[in-house]
Amino acid sequence: MQSINILKRHSLSLAIATLGLTLILNPVAASAPPQVFEASGAAPADIQTAVDAFRNFLGNPNNIAGPPSATGHREINWDGVPDAFSAPHLLPANFFNKNSPRGIVFFTPGTGFEVSANLVNPTNTPVRFGNINPVYPALFSTFSPQKLFTALKSTITENLFFIPGTTHSATVKGFGAVFTDVNTDTSTKIEYFDVGGNLLFSRNVLPQPTQRAGLSFLGVGFDTASVFMVRITSGNRTLKVPNLDVVAMDDFIYGEPQSLQ
């Protein structure tokens, strides 16, 4: 049974996400310095080495939507999300803990989440968020074709971890994400928090070397499964009107969720 304190922390995170509240959280020292894996480039091959190194750090195999495990890691590449939960439809925030159990639930102060459409889809929705703005297919590229992910009417995505397929809170050893069209070195970042709400680590994502359609990767790993929540800031503009710096997300990679002790 989860403790009252854990439930309060869940409620607090939900309040932050829903109401757009901001907390000032104190950095704390982890038991060992976190390891950073990062790269940017014009094509998937330019970040592949960093992505693979992060996977190896977390441990293999990729457990995908399999049962809970003591080893390995989890990945989300969005490409298997069915048309019913892809643009122009919303993605349920708990899709990857209920429909395809991978132990993660999303929160945002915005209006929800969207996964971009396949090239062939029943609503003829444009790919890479062309339904939001027709310029976006040229601005965004993919690491794993062909879908991308975004929060709507917010640049904030918060990630809470669970034992896959359950409501039992969990922590992970690390988390990383691929981004597309990061143009500035301060617009996009990932923050890592422990179960007490303390900031473990924060780092900005490397900008792409090209004007548009580049890719960036940031993954941060810890020596123990100490990450309870991850907050992603993806750009400094929401996906509405193209402007510096609108950013979309591709693959999420994180450690196998481990039960809170």
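Residues numbered from 1 in each chain as written. Predicted model: local features only at pLDDT ≥ 70, side-chain atom pairs only at ≥ 80, totals over all residues. Heavy atoms only, no water.

Scanning the protein chain from N- to C-terminus turns up four helices and 14 strands. In the protein chain, which comprises 261 residues, the share counted as buried stands at 51%. Restricting the contact set of the protein chain to residue pairs at least 6 apart, pairs at least 24 apart contribute 73%. Counting every atom, the protein chain has about 11000 Å² of accessible surface; 57% of that belongs to carbon and sulfur. (Helix = DSSP H or I, 4+ residues; strand = E, 2+ residues; numbered from the N terminus. Buried < 20%, exposed > 50% of the residue type's maximum accessible area, 1.4 Å probe, protein only. Contact = heavy atoms within 4.5 Å. Areas by Shrake-Rupley, 256 points an atom, 1.4 Å probe, with all protein chains shown as cover.)

Counting residues in hydrophobic clusters, the biggest one holds 35 residues, and the most contacted among them are Leu91, Phe106, Phe175, Tyr192 and Phe252. Counting residues in each nonpolar core, the second largest holds 13 residues, with Ala39, Ala50, Phe57 and Phe143 among its members. (Core = buried A, V, L, I, M, F, W, Y, C linked by side-chain atoms within 4.5 Å.)

A separate point is the side chain of threonine 171. Along the polypeptide, threonine 171 turns up in strand β7 (residues 170-171). Reaching out from threonine 171, the side chain makes a polar contact with the backbone oxygen of alanine 225 at a distance of 2.7 Å. Ignoring any residue separated from it by four or fewer positions in sequence, one finds threonine 171 in contact with Ala225, Ser226, Val227, Phe228, Glu256, Pro257, Gln258 and Leu260. (Polar contact = N/O pair within 3.5 Å; in protein donor to acceptor, adjacent residues only side chain to side chain.)

Compared with an ideal rise of 1.5 Å per residue, which puts 14 residues at 20 Å, helix α2 (residues 45-58) spans 20 Å between its outermost C-alpha atoms and is within 8% of the ideal. For α2, the complete set of buried residues consists of Ile47, Ala50, Val51, Phe54, Arg55, Phe57 and Leu58. Considered in projection along α2, the buried side chains sweep an arc of 155° and stay on one side of the axis. Of the exposed residues in α2, those oriented more than 90 degrees away from the buried face are Ala45, Thr49 and Asn56. Buried residues along α2 sit against β1 (35-41), β2 (73-76), β8 (174-180), β11 (215-221) and β13 (248-255). (Expected span 1.5 Å × (residues − 1). Arc of directions from axis to C-beta.)

This part is about the pattern of salt bridges. For the structure on display, the rule yields seven salt bridges. Where glutamate 75 meets arginine 55, a salt bridge forms, and the shortest distance between an N and an O atom there is 2.7 Å. Linking glutamate 75 in strand β2 with arginine 55 in helix α2, this pair joins segments that are 20 residues apart in sequence. Close ionic contact of arginine 74 with glutamate 256 constitutes a salt bridge, the shortest N to O distance being 2.7 Å. Of this pair, arginine 74 sits in strand β2 while glutamate 256 sits in the loop between β13 and β14 (258-259), and the two are 182 residues apart along the sequence. For arginine 74, a relative accessible area of 0% gives the class buried. Of the residues examined, glutamate 256 reaches a relative accessible area of 3% and is grouped as buried. Each of the salt bridges in this network shares a partner with another, and the network as a whole consists of Glu158, Lys189, Glu191 and Arg231. (Salt bridge = Lys/Arg side-chain N within 4 Å of Asp/Glu carboxyl O.)

Mean pLDDT for the protein chain: 90, with 88% of residues reaching 70 or above. Within the model, pLDDT remains below 50 along residues 1-13, and this stretch shows 17 contacts once partners closer than five positions in the same chain are excluded. Under a pLDDT of 50 for its full length, residues 15-30 has, in the predicted model, 26 contacts with residues more than four places off or in other chains. (pLDDT = per-residue confidence, 0-100.)

Attention now moves to the side chain of asparagine 63. Among the secondary structure elements, asparagine 63 is positioned in the loop between α2 and β2. Of the polar contacts made by the side chain of asparagine 63, one reaches the backbone oxygen of threonine 71; its length is 2.9 Å. Of note is the side chain of asparagine 63, whose polar atom sits 2.8 Å from the side chain of glutamate 256. Discounting chain neighbours no more than four positions away, the residues touching asparagine 63 are Ser69, Thr71, Gly72, His73, Arg74 and Glu256.

Neither face of strand β3 (residues 104-107) is left uncovered, since the one carrying Ile104 and Phe106 and the one carrying Val105 and Phe107 both have all their residues buried. The pairing of β3 with strand β6 (residues 156-161) spans four bridges and is classified as antiparallel. When the bridges of β6 are listed, phenylalanine 107 appears paired with glutamate 158. (Pairing = 2+ DSSP bridges.)

With that settled, consider the sheet that holds strand β10 (residues 199-204). The five strands are arranged β3-β6-β12-β9-β10 in an open sheet whose pairing can be described as antiparallel. Single-partner strands in this sheet number two, and they are β3 and β10. Strand-to-strand twist of the sheet, defined as the mean angle between neighbouring strand axes without regard to direction, takes the value 15°. (Axes fitted to C-alpha atoms, helices over the stretch in contact; angles between N-to-C directions.)

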